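Structural overview for review
Read off the chains here:
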Amino acid sequence: MRIGSREFDTAHHTYIMGILNVTPDSFSDGGRYNGLDAALAHAEQMIREGADILDVGGESTRLGHTRISDEEEISRVAPVIEALKARFDAPVSVDTYKSAVARAALDAGADLINDIWGLKYDPRMGKLIAEHGAACCLMHNREQADYGQFLPEFLADMRECVRLACEAGIPRDRIILDPGVGVGFGKTYEMNLEIIDRVDILHELGFPVLLGTSRKSVIGLTLDLPPREREEGTLVTTVWAVQRGCAFVRVHDVEKNKRAIRMAEALMHAGKQ
């Protein structure tokens with residue numbers, strides 16, 4: 001799979017998407033990197049530690065977040081993306097579900113659109129991605145955690161995201177799927193545990209899979225820990241992602257997750273070369 005100028009061997013390796021929140025209210029690191037200099041310094045650190053993609057977010061998606069205007073979100077992310085592309089050669093993603101923000105991000109040089117609504121929120125998003133030849137990550141989401149049978153309906157929802165992408169003209173080799181772990185994404189605590197456990201069912205759809213669990217509430221509730229103390233729980237889910245064939249993990253703490261991936265892959269590949 002090609003993202004920006006880089007080829008990703010999504011069938012044989014797990015890559016790291018490093019989280020770069022340029023928001024004042026992110027659930028785990030709000031306000032730490034919402035200045036350009038701080039954002040660039042953190043991006044440089046993540047690349048040094050082994051991040052393969054930088055994911056820039058300008059609006060918090062935590063439960064109960066306050067939605068901001070397109071203009072404010074653009075003012076947060078576009079200058080950062082432009083600076084990242086000028087300074088580093090890593091692919092850059094933008095975490096947005098709004099086509100106006102996505103357009104500004106793509107114009108600034110973004111290579112991937114990370115849409116938490118899987119093209120279901122903004123009907124203009126799919127065509128925009130296709131026209132720019134960008135890659136996309138389509139996340140599962142619902143307004144309410146209301147299911148008859150969770151896993152079958154989850155897969156049906158994901159198939160609908162894929163249908164929207166293909167109808168918009170996005171090539172299949174530009175699509176990543178994300179199961180959408182999080183209490184704000186139409187899942188209960190128990191459902192989040194279940195979809196992490198069964199994340200490999202997404203392989204049925206034939207696309208690379210991204211797992212994003214870093215510091216999330218499913219870890220906090222399981223371990224009874226605040227966001228900044230959920231590193232070990234995140235590492236467990238990263239190793240799980242490697243074992244389940246996920247192509248990407250989206251994390252805050254790049255260095256330790258990179259080490260965990262290397263160790264897990266070494267064990268899995270031992271004696272098979």
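Small disclaimer: the values here were computed from a predicted structure and weren't measured.

Looking now at the side chain of K216. Relative to the helices and strands, K216 resides in the loop between β9 (210–211) and α7 (217–223). Among buried Asp, Glu, Lys and Arg side chains, K216 stands out as unpaired, with D178 the closest opposite charge at 6.0 Å. Reaching out from K216, the side chain makes a polar contact with the backbone oxygen of V181 at a distance of 2.6 Å. A polar atom in the side chain of K216 sits 3.1 Å from the backbone oxygen of G212.

Applying the stated criterion across every chain, the model contains six aromatic pairs. Ring centres of F8 and F248 lie 5.7 Å apart, and the angle between their planes is 55°; this geometry places the pair in the tilted category. You can see F8 sitting in the loop between β2 (6–7) and β3 (15–21) and its partner F248 sitting in strand β10 (residues 248–251), a full 240 residues away along the chain. Accessibility classification places F8 together with F248 in one group, the buried group. Taken together, a centroid distance of 4.7 Å and an interplanar angle of 85° make the contact between Y97 and Y121 edge-to-face. In this pair, Y97 is assigned in the loop between β5 (92–95) and α3 (99–108) and Y121 in the loop between β6 (112–115) and α4 (125–132), connecting sequence segments 24 residues apart. Aromatic ring contacts, followed pair by pair, group F8, Y15 and F248 into a single cluster. Sitting over the ring of W240, R244 keeps its end group 4.0 Å from the ring centre.

The next thing to look at is a negative patch on the surface. Where like charges cluster on the molecular surface, the negative patch consists of E194, D197, D200 and E204. Residue position: E194 is located in helix α6 (residues 189–197). Residue classification places E194 among the partly exposed positions, given a relative accessible area of 32%.

V56, I81, L84 and L177 are the most contacted members of the largest nonpolar core, which has 65 residues in total. Per-element accounting of this core gives the leading share, eight residues, to helix α5 (residues 150–168). Membership of the second largest hydrophobic core comes to 13 residues, among which are M1, M17, C137 and A247.

A positive phi is found at L119, a non-glycine position, where the angle reads about 75°. Since its relative accessible area comes to 7%, L119 is described here as buried. At R215, a residue that is not glycine, the phi angle is positive and equals roughly 60°. When you line up the elements, R215 lands in the loop between β9 and α7.

Turning to α4, a few remarks are in order. Of all the residues in α4, the buried ones are M125, G126, L128 and I129. The buried residues of α4 occupy an angular sector of 165° when projected down its axis, which confines them to one face. Those residues of α4 hidden inside the fold are in contact with α3, β6, β7 (135–139) and α5. Downstream of α4 by a residue or two, G133 has a phi angle that is positive, lying close to 65°.

Taken together, eight strands build an open sheet; the order of strands is β8-β7-β6-β5-β4-β3-β10-β9 and the sheet is parallel. Edge positions in the open sheet fall to β8 (175–178) and β9, since each of these has one partner strand only. Bridge analysis of β3 against β10 gives four bridges, and the strand direction is parallel. In the strand pairing of β10, Y15 is matched with F248. Against the sheet, helix α1 (residues 36–49) makes contact with β3 and β4 (53–57), and its axis sits at roughly 165° relative to β3, the strand it touches most. Contacts from helix α9 (residues 254–269) reach β3 and β10, with the element oriented near 165° to β3.

So, on to α5. With 19 residues, α5 extends 27 Å between its outermost C-alpha atoms, agreeing within 8% with the 27 Å of an ideal straight helix rising 1.5 Å per residue. Regarding α5, the residues found buried are F150, L151, F154, L155, D157, M158, C161, V162, A165 and A168. End-on, the buried residues of α5 take up no more than an arc of 160°, which puts them together on one face. Looking at the residues trailing α5, positive phi occurs at G169, about 100°.

This brings us to the environment of Y147. If you trace the backbone, Y147 turns up in the loop between β7 and α5. Relative accessible area serves as the criterion here: at 13%, Y147 is assigned to the buried category. Separated by 39 residues in sequence, Y147 and G186 place their C-alpha atoms 9.6 Å apart. When sequence neighbours within four positions are dropped, the list of residues in contact with Y147 reads H140, R142, E153, D157, G186, K187 and M191. Of the polar contacts made by the side chain of Y147, one reaches the backbone oxygen of G186; its length is 2.6 Å.

Each value, and the rule that gives it
Residues numbered from 1 in each chain as written. Predicted model: local features only at pLDDT ≥ 70, side-chain atom pairs only at ≥ 80, totals over all residues. Heavy atoms only, no water. Helix = DSSP H or I, 4+ residues; strand = E, 2+ residues; numbered from the N terminus. Buried < 20%, exposed > 50% of the residue type's maximum accessible area, 1.4 Å probe, protein only. Lys, Arg positive; Asp, Glu negative; His and termini not counted. Salt bridge = Lys/Arg side-chain N within 4 Å of Asp/Glu carboxyl O. Polar contact = N/O pair within 3.5 Å; in protein donor to acceptor, adjacent residues only side chain to side chain. Phe/Tyr/Trp six-rings, centres within 6.5 Å; stacked < 30°, edge-to-face > 60°. Lys NZ or Arg CZ within 6 Å of the ring centre and 35° of its normal. Patch = residues over 30% accessible without salt bridge, like charges linked within 9 Å, V, L, I, M, F, W, Y side chains within 5 Å. Areas by Shrake-Rupley, 256 points an atom, 1.4 Å probe, with all protein chains shown as cover. Charge placed at Lys NZ, Arg CZ, Asp CG, Glu CD. Core = buried A, V, L, I, M, F, W, Y, C linked by side-chain atoms within 4.5 Å. Arc of directions from axis to C-beta. Contact = heavy atoms within 4.5 Å. Pairing = 2+ DSSP bridges. Axes fitted to C-alpha atoms, helices over the stretch in contact; angles between N-to-C directions. Expected span 1.5 Å × (residues − 1).

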